Amino acid sequence: MTPSSQPTPPQSGHAASANLLALATIALWASLATLGTALAHVPPFLLTGLALLAGSLIALPLARFDLRRLAVTPQALGIGVYGLFGYHFLVFSALQLAPPVAANLVNYLWPLGIVLLAPLLLPGVRLTATHLLAALAGFSGAAIAILGRDGGAADAARNAPLGFACAAGAALIWSSYSVLSKRLASTRHAYPTAAIGTFGVVSAALSLLCHALLEPATALSARDLGLIALLGLGPLGGAFFLWDAALKRGDARQIGVLAYLTPLLSTLLLLWTTGEPLTTSIALATLLILGAAVVGTRAR
């Protein structure tokens, strides 16, 4: 292969801004477990539907209140709903069927999935040994961060194969959705980041339909509605717009490795809000995940 035929890496400026957008997304996603714990009494489909609906409102100012800017092709809409609705449907199912800590660990295979799927689904992208080693180190850190918390051994004693299958399916959906959304950016099915609001509205409608069919009616307090709005503006809304912009600008392999910061920050935030002490396992997870992120983002 001649130098002129080699894939051109993202420009350094775009890559840097993409990584900053990815880090902002990760910061928002880190609050998901804490907010979800505060809203644990709300049925999951109702919670997802209302939060996605609230988060979709962000699309209006992004589209300059022109609804025509939110139009997408059927293929793009299918991929968007596949990602937002399919992922959350399987995640909530996994958390109900399997031990939550172990199911969450399996779910956090999705950053590794992004690193591994990028060369398969994106033209001109190759997987290097550095990317692979960084992804595996990041997954090891995620495992330590989650399983190192109290109760992990007790959870692992339970047996829920279907729940773990749902968690693995969720990881596959989110990683493939993330890579496919980047691939669409170079086709006629490309859509502006504001169109994430369209995906969110359709996914919210499906979630609320599932709530009406599968869950009991629930009365929400003013505090519940406020937290749901915060959830929608953050990890179940605003984060999706930032994630889409990051993937379109940057290297999916690097962003996939950075995503391993999510379980770490989520666990640390839970430790802070619950008052649990920082353990050796969490400190070790910090070193592994931050090291993986640094190495992964420097790889070409």
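This one's a predicted model, so the numbers in the text were calculated from it and none came from an experiment.

Moving on, we come to the nonpolar core. Residues Trp110, Trp174 and Trp243 are the most contacted members of the largest nonpolar core, which totals 69 residues. Looking at which element gives the most residues to this core, the answer is helix H10 (residues 161-184), with 9 residues. Not counting residues within four places of it along the chain, the set of residues in contact with Trp110 comprises Trp29, Tyr87, Ala171, Trp174, Ser175, Trp243 and Ala259. Within the second largest apolar cluster, 10 residues are counted, among which are Leu46, Leu47, Ala51 and Ile228.

Turning our eyes to something else, we now look at the packing of helix H3 (residues 44-56) against helix H12 (residues 222-233). Orientation of H3 relative to H12, taken along the N-to-C sense of each, is 60 degrees, at an axis distance of 7 Å. The pairing of H3 with H12 is recorded here as oblique in orientation. Considering the relative orientation of H3 and H12, their crossing is right-handed. Two secondary-structure elements touch here, H3 through Leu47, Leu50, Ala51, Ala54 and Gly55 and H12 through Ile228, Ala229, Leu231 and Gly232. A breakdown of the residues in the contact of H3 with H12 according to their chemical character gives 7 nonpolar, 2 polar and no charged.

Moving on: the pattern of salt bridges. Here the structure, examined in full by the defined rule, presents 3 salt bridges. Residue Arg68 pairs with Asp66 through a salt bridge whose shortest N-O separation is 3.1 Å. Arg69 is paired through a salt bridge with Asp66; the nearest N and O atoms lie 4.0 Å apart. Exposure remark for Asp66: the relative accessible area of 21% places this residue in the partly exposed category. Among the charged side chains, a salt-bridge network with shared partners connects Asp66, Arg68 and Arg69.

Our focus in this paragraph is the environment of Gln75. Positionally, Gln75 belongs in helix H5 (residues 74-97). For Gln75, a relative accessible area of 41% translates into the label partly exposed. Measuring from C-alpha to C-alpha, the distance between Gln75 and His189 comes to 7.0 Å, with 114 residues separating the pair along the chain. The residues contacting Gln75, other than those within four sequence positions of it, are Leu184 and His189.

Here is what the cut-offs are and how they apply
Residues numbered from 1 in each chain as written. Predicted model: local features only at pLDDT ≥ 70, side-chain atom pairs only at ≥ 80, totals over all residues. Heavy atoms only, no water. Core = buried A, V, L, I, M, F, W, Y, C linked by side-chain atoms within 4.5 Å. Buried < 20%, exposed > 50% of the residue type's maximum accessible area, 1.4 Å probe, protein only. Helix = DSSP H or I, 4+ residues; strand = E, 2+ residues; numbered from the N terminus. Contact = heavy atoms within 4.5 Å. Axes fitted to C-alpha atoms, helices over the stretch in contact; angles between N-to-C directions. Parallel < 35°, antiparallel > 145°, perpendicular 65-115°, else oblique. Left-handed = near helix turned anticlockwise from the far one by under 90°. Nonpolar A, V, L, I, M, F, W, Y, C, P; charged D, E, K, R; others polar. Salt bridge = Lys/Arg side-chain N within 4 Å of Asp/Glu carboxyl O.

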